Amino acid sequence: MTHHSDFDGKTVVVTGAGSGIGRKTAVAFAGAGANVVLADVNVEGGEEVAETILGETDGHATFVEVDVTDDDDVERMVETAREEYGGLDVAFNNAGIGGTFDATEEISEEDWQRIIDVNLTGVWRCMRKEIPLMLENGGGSIVNTASILGKVGEAGTPAYTAAKHGVVGLTKVAALDHATDGIRVNAVCPGYIETQMLDDAGVTKDEELLAKTKELHPMKRLGTVEEIADAVTWLASEQASFATGETLAIDGGYLSR
Ligand code: NAI
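How each quantity is defined
- Residues numbered from 1 in each chain as written.
- Predicted model: local features only at pLDDT ≥ 70, side-chain atom pairs only at ≥ 80, totals over all residues.
- Heavy atoms only, no water.
- Near = heavy atom within 4 Å.
- Polar contact = N/O pair within 3.5 Å; in protein donor to acceptor, adjacent residues only side chain to side chain.
- Areas by Shrake-Rupley, 256 points an atom, 1.4 Å probe, with all protein chains shown as cover.
- Nonpolar A, V, L, I, M, F, W, Y, C, P; charged D, E, K, R; others polar.
- Salt bridge = Lys/Arg side-chain N within 4 Å of Asp/Glu carboxyl O.
- Helix = DSSP H or I, 4+ residues; strand = E, 2+ residues; numbered from the N terminus.
- Expected span 1.5 Å × (residues − 1).
- Contact = heavy atoms within 4.5 Å.
- Phe/Tyr/Trp six-rings, centres within 6.5 Å; stacked < 30°, edge-to-face > 60°.
- Lys NZ or Arg CZ within 6 Å of the ring centre and 35° of its normal.

Trainee: Let's hear about the site of the ligand: which residues, and what values?
Mentor: In the vicinity of the ligand lie 29 residues, with Ser19, Asp40, Tyr160, Ile193 and Thr195 positioned nearest. In the model, a nitrogen atom of the ligand is placed 2.9 Å from a nitrogen or oxygen of the Asp67 side chain. Taking Val68, its main chain carries an N or O atom lying 2.9 Å from a nitrogen atom of the ligand. Contact with the protein chains covers 94% of the free accessible surface of the ligand, which is 830 Å². Taken together, the residues that form the shell around the ligand break down as 14 nonpolar, 12 polar and 3 charged.

In structure tokens:
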């Protein structure tokens, strides 16, 4: 549980902040006193979240239209943190896409490149800009969104699974690169969570598929965005001060089978 003052006056960047896990986590950071830079390609969703934060919390929020595949956009995101709030303390690199269901030899190169570019290279592009700004102020904390598919595979998801395994590896390396610089780098590995991504994949609308998906989790249910937001805010907070390079599964037991 995030305490009200845990992020008082801290500046947090959240990518994919316009929907789902990013939205809930951005509001949680703001509720704990943070200034939040909301980044997303989804302008409508991002602006809505900014309004929610300004209306319902003591935190501040600025929305920036950002595509994490565009280096100039990512630069603008980080510069917004510097210009509006004076630096960067926390980054939640969470933007991601679900992608297609194709066997390994059938996925098109275009789909492969797109999924890797958003879900893996996007996280690296963000960290590349965030880390120097954090170093200027003596450190910070980064949380990346990987997945249970960062730890195990699922048939039909070659690019998504490869990208999320990549995020797990990249998180460990960035943690090692900066272990003595006051920057902690961790990742969350959610099980299936009720968000737009699952709607888009047709999971929530198809009763049979939904039941099968729940069944994959020993708790026999999907996770909620609140449950991921709680883990992310904990990893980002001082309460997790000795945790770095950790890739924390929040998955109803999925990976323990
Ligand atoms: P969502 O679809 O509700 O939110 C994803 C957000 O990322 C959207 O607002 C979207 O506009 C944004 N986005 C997509 N591409 C972008 C880009 N190129 N630049 C900037 N923003 C971009 O989905 P959800 O579930 O909240 O996904 C968040 C993260 O959680 C993703 O990285 C996803 O892979 C991961 N995840 C989701 C799980 C689930 O079951 N929902 C399970 C495990 C991981």
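Trainee: Lay out the pattern of salt bridges with the relevant residues and their values.
Mentor: In total, this model carries 11 salt bridges according to the counting rule given. With its nearest N and O atoms 3.3 Å apart, the salt bridge here joins Arg23 to Glu48. Pair noted here: Arg23 is in helix H1 (residues 20–31) and Glu48 is in helix H2 (residues 43–56), with a separation of 25 residues, a long-range link. Between Asp73 and Arg76 there is a salt bridge whose closest N-O contact spans 3.2 Å. Here Arg76 and Asp73 lie together in helix H3 (residues 71–85), a separation of 3 residues that amounts to about one turn. Among the ionic contacts, a cluster of salt bridges with common partners joins Asp71, Glu75, Arg128 and Lys129.

Trainee: Would you mind going over H3 in detail, with residue names and values included?
Mentor: Given a rise of 1.5 Å per residue, 15 residues ought to cover 21 Å, and the 21 Å separating the end C-alpha atoms of H3 matches this to within 8%. Contact partners of the buried residues in H3: strand S1 (11–15), strand S2 (35–40), strand S3 (60–65) and helix H4 (109–136). Two or three places before Asp72, at the opening of H3, Asp70 has a side-chain oxygen 2.8 Å from that residue's backbone nitrogen. Count one or two residues on from H3 and you reach Gly86, which has phi positive near 85°.

Trainee: Run through the side chain of Thr195, naming residues and quoting values.
Mentor: Tracing the chain through its elements places Thr195 in the loop between strand S6 (183–190) and helix H6 (196–200). When residues no more than four places from it in sequence are discounted, the contact partners of Thr195 are Gly20, Ile21 and Val225.

Trainee: Go over the packing of aromatic side chains, please, and point to the residues and values.
Mentor: Counting across every chain of the model gives 2 aromatic pairs. For the pair Tyr192 and Tyr254, a centre-to-centre distance of 6.5 Å together with 40° between the ring planes defines the contact as tilted. In this pair, Tyr192 sits in the loop between S6 and H6 while Tyr254 sits in the segment after strand S7 (247–250), placing the two residues 62 residues apart along the sequence. Here the guanidinium or amino end of Arg257 rests over the ring plane of Tyr254, the centre of that ring lying 4.4 Å away.

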